[in-house]
Amino acid sequence: SEFELRRQACGRSQLLKSRVDILEVARQFEMRINLDIVDSMIASAIENNKVATEILPPVETLRSRQFEASKLREIRKNIDSGFYTQEEIEVIARSMLDDVAELSSDYLGNTVVQKFFEYCSDPIKEAMLERIAPYLAAIGIHKNGTWAAQKIIDVASTEKQMDLIVKHLRPYTALLYFDQFGNYVAQCCLRFKYPKNTFLFEVMARHCCEIGQSRFGARAIRACLENENATFEQQALVVASIIINSHLLATNSNGMLLLTWLLDNSFFRNRHRLLAIHLATHLHTTCTHKLASTLIFKLINNKQEPESRNLLLKNLFFSEKDNVLTYILQDQAVGPSFIHKVITYPSIGREFLAQFHLVIKRVLINIHAQPNAVYCRLMEEVGMTSKSI
């Protein structure tokens, strides 16, 4: 699956290796965040490490054919028109218990199942849910079943119903985020509120790199972080994980969607500085990547937290033995144009430019750069004429 491939690419989850770092990032947000709760969520995410690698198809076709299309249409029509009393609806629901899981993915059956969960009493809903819950993830990614799954979650009202849903969805949550239908099923669980909806954020934090680089996953993370049912602690856990994984997310268009949201639309304090601190140790890879380099440039030129600019510039131009700048300028595809863009941006103070020019000249000479199409503009900018070369 795409999730498994991304998990292999991202390696072992940063959440497991960076528990202390995530807590430190959360602390520096300087918000009303209970760090003990954040730490307990990290511990829970580490403990609940049984993650499914695939969602098996829903149960096989209907065991009985007592509910043909015509019969299902009739039931739905009679419920909509108010022809049946609640007691009669529940009698029909009981008669369909053995088939309710299969019906949930049927193009007509799913609408009838939705009606049952809308009108039946809690004991009947729980009886149906006990049969449906083991297949809820598979139903949730089905083009018909997803509507039944979302309705089931939306109307869940008792502790038993919510616990059943969480128990059976949790191992599949990461896979649900990857799916065009499943990600909405997962988001429906936000209404359970803390602490029952915490599993959504724990999974996002544990698999931040994988989920954040997927098309539907990145957007689901953003939606969850913006949801009114998310607590400060849940948001802090996921945002800290985004920052810890930012060097990987920045090289992916979906990951950049999250990072752009974090910088432009989130309310977390010190986010520019914290991102810069983390990315400062990954400049050799981010500044030589066409997409990731735009994030570095954005951080260098932000006016909210000048500390982030100073930190990145220091690591760019004054690394030990010029290692970082050498690596960047040797990458002819992106490096030279990125450095030229940095030193010609108006916000870079004139007092620093002379030092930057000296370092750039030294590196260009050391790597034997030639005044060709790749290096010409940069050489001219720092005053390296043909004669001086």
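Residues numbered from 1 in each chain as written. Predicted model: local features only at pLDDT ≥ 70, side-chain atom pairs only at ≥ 80, totals over all residues. Heavy atoms only, no water.

**Quick notes on the overall build of the protein chain**
- When its secondary structure is counted, the protein chain shows 28 helices and zero strands.
- Against the compact-globule benchmark of 21 Å for 389 residues, the protein chain has a radius of gyration of 27 Å, which places it well outside the compact range.
- Counting over 389 residues, the protein chain shows a buried share of 55%.
- For the protein chain, the share of sequence-separated contacts (at least 6 apart) that also reach a separation of at least 24 residues comes to 73%. (Helix = DSSP H or I, 4+ residues; strand = E, 2+ residues; numbered from the N terminus. Rg over C-alpha atoms; globule rule 2.2 N^0.38 Å. Buried < 20%, exposed > 50% of the residue type's maximum accessible area, 1.4 Å probe, protein only. Contact = heavy atoms within 4.5 Å.)

**A word on helix α8 (residues 109-119)**
- Burial runs high along α8: nine of the 11 residues are buried.
- Next to the buried residues of α8 lie α5 (69-80), α6 (86-95), α7 (100-103), α9 (122-132) and α11 (145-155).

**Some thoughts on the packing of helix α3 (residues 19-28) against helix α4 (residues 35-47)**
- Across the interface, α3 lies against α4 with an axial gap of 10 Å and an inter-helix angle of 150°. Relative to α4, the element α3 lies roughly antiparallel. Taken as a pair, α3 and α4 cross one another with a handedness that is right-handed. Along its contact with α3, which presents R19, I22, L23, A26 and R27, the element α4 presents L35, V38, D39, I42, A43 and I46.
- Residues that form the contact of α3 with α4 fall into these classes: eight nonpolar, no polar and three charged. (Axes fitted to C-alpha atoms, helices over the stretch in contact; angles between N-to-C directions. Parallel < 35°, antiparallel > 145°, perpendicular 65-115°, else oblique. Left-handed = near helix turned anticlockwise from the far one by under 90°. Nonpolar A, V, L, I, M, F, W, Y, C, P; charged D, E, K, R; others polar.)

**Things to note about the side chain of K125**
- Mapped onto the secondary structure, K125 falls in helix α9.
- Relative accessible area serves as the criterion here: at 8%, K125 is assigned to the buried category.
- Those residues within four positions of K125 in sequence are excluded, and the remaining contacts are F117, C120, V155, S157 and Q161.

**A short note on the pattern of salt bridges**
- Within this structure, the stated rule accounts for 11 salt bridges.
- Here E159 ties to K196 by a salt bridge, and the two come within 2.9 Å at their closest N and O atoms. Residue E159 is located in helix α12 (residues 159-169), and its partner K196 is located in the loop between α14 (182-188) and α15 (198-206); the two are separated by 37 residues in the primary sequence.
- The class of K196 is buried, set by a relative accessible area of 18%.
- A salt bridge links E202 to R170; the nearest nitrogen and oxygen atoms lie 2.4 Å apart. Linking E202 in helix α15 with R170 in the loop between α12 and α13 (173-178), this pair joins segments that are 32 residues apart in sequence.
- Salt bridges sharing partners connect three or more residues here, namely E159, D163 and K196. (Salt bridge = Lys/Arg side-chain N within 4 Å of Asp/Glu carboxyl O.)

Structural measurements only, silent on function.
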